Amino acid sequence: KFISINNSNISLQTRKNIIMQLLRAYGYLHSKKVFHRDISPKNVLLKQYDDVLVVKLSDFGLVKIVNSDLTSENTEFKGSLNDPALKVEGFGNYELTHELYAITLLFAYILTGKSNWAKITEPAIKSFIEKGTTPDKAKRFQTLDELGTAIKGCIASLER
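Bear in mind the structure is a predicted one, so any value in this text is a computation, not a measurement.

**Q** Sorry if this is basic, but what is going on with the overall build of the chain here?
**A** For the chain, the helix and strand inventory stands at 6 helices and 4 strands. The order of α-helices and β-strands along the chain, N terminus first, is α-α-β-β-β-β-α-α-α-α. Burial analysis of the chain (160 residues in total) assigns 41% to the buried set.

And the structure:
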């Protein structure tokens, strides 16, 4: 809600700060072989502490921990930014390319405040979205580092 409420007043530097914190958060999860599986703006919490904006991920109810009987792969399809291919492939087959699809859309939303991707006209952001969400998974971002490099380049083009 922070972005939708304050969109016209959020600086590019603040947006960049949010994205960089999220890159570290998702990087940590992925280093532990964990996918969030419910990536959406509502699961990104922002808290202002004096002059520092701290980002927190929430809602880990759909996390699947590999080789654990305590979490289930066969949960129902959820997540506002999920790859539509999951409806055919099945949520139990969720993999990194699906996670990166959702992160692409989350970062585009953070940068623009828009969830109607067709209305985004900025070429760098449009190109970022196209790469991250192409139906051909082999042409998508293959790692979080690759996605991170692309979003940093996108932000740099906006800073010019």
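**Q** Just to check I follow, could you spell out the environment of leucine 22 for this structure?
**A** Counting through the fold element by element, leucine 22 comes out in helix H2 (residues 12–31). On the basis of relative accessible area, leucine 22 is assigned to the buried category, the value being 0%. Separated by 81 residues in sequence, leucine 22 and isoleucine 103 have C-alpha atoms that sit 9.2 Å apart. Setting aside chain neighbours within four positions, we find leucine 22 in contact with Val44, Val55, Leu57, Leu106, Phe107 and Ile110.

**Q** Looking at this structure, I do not really get the pattern of salt bridges. What am I missing?
**A** Side chains that differ in charge, positive against negative, can pair when their charged atoms come close. Applying the stated criterion across every chain, the model contains 6 salt bridges. Note that arginine 140 and aspartate 83 form a salt bridge whose closest N and O atoms lie 2.7 Å from each other. Within this pair, whereas arginine 140 is found in the loop between helix H5 (123–133) and helix H6 (144–159), its partner aspartate 83 is found in the loop between strand E4 (64–65) and helix H3 (86–89), the two being separated by 57 residues in sequence. Across the pair, exposure class does not vary: arginine 140 and aspartate 83 are buried alike. Several salt bridges converge on common partners, so that one network encompasses Glu89, Glu95 and Lys137.

**Q** Help me understand H5, please; the structure alone is not making it clear to me.
**A** Each turn of an α-helix holds 3.6 residues, which means side chains three or four residues apart point in the same direction. Regarding H5, the residues found buried are Ile125, Phe128, Ile129, Gly132 and Thr133. Considered in projection along H5, the buried side chains sweep an arc of 105° and stay on one side of the axis.

**Q** Hey, could you run me through helix H4 (residues 96–112) in this one?
**A** With 17 residues, H4 ought to run about 24 Å at 1.5 Å a step, and its terminal C-alpha atoms sit 24 Å apart, in line with that. H4 sits mainly inside the fold: 16 of its 17 residues count as buried. Directly beyond the C-terminal end of H4, a positive phi value near 80° is found at glycine 113.

About the cut-offs
- Residues numbered from 1 in each chain as written.
- Predicted model: local features only at pLDDT ≥ 70, side-chain atom pairs only at ≥ 80, totals over all residues.
- Heavy atoms only, no water.
- Helix = DSSP H or I, 4+ residues; strand = E, 2+ residues; numbered from the N terminus.
- Buried < 20%, exposed > 50% of the residue type's maximum accessible area, 1.4 Å probe, protein only.
- Contact = heavy atoms within 4.5 Å.
- Salt bridge = Lys/Arg side-chain N within 4 Å of Asp/Glu carboxyl O.
- Arc of directions from axis to C-beta.
- Expected span 1.5 Å × (residues − 1).

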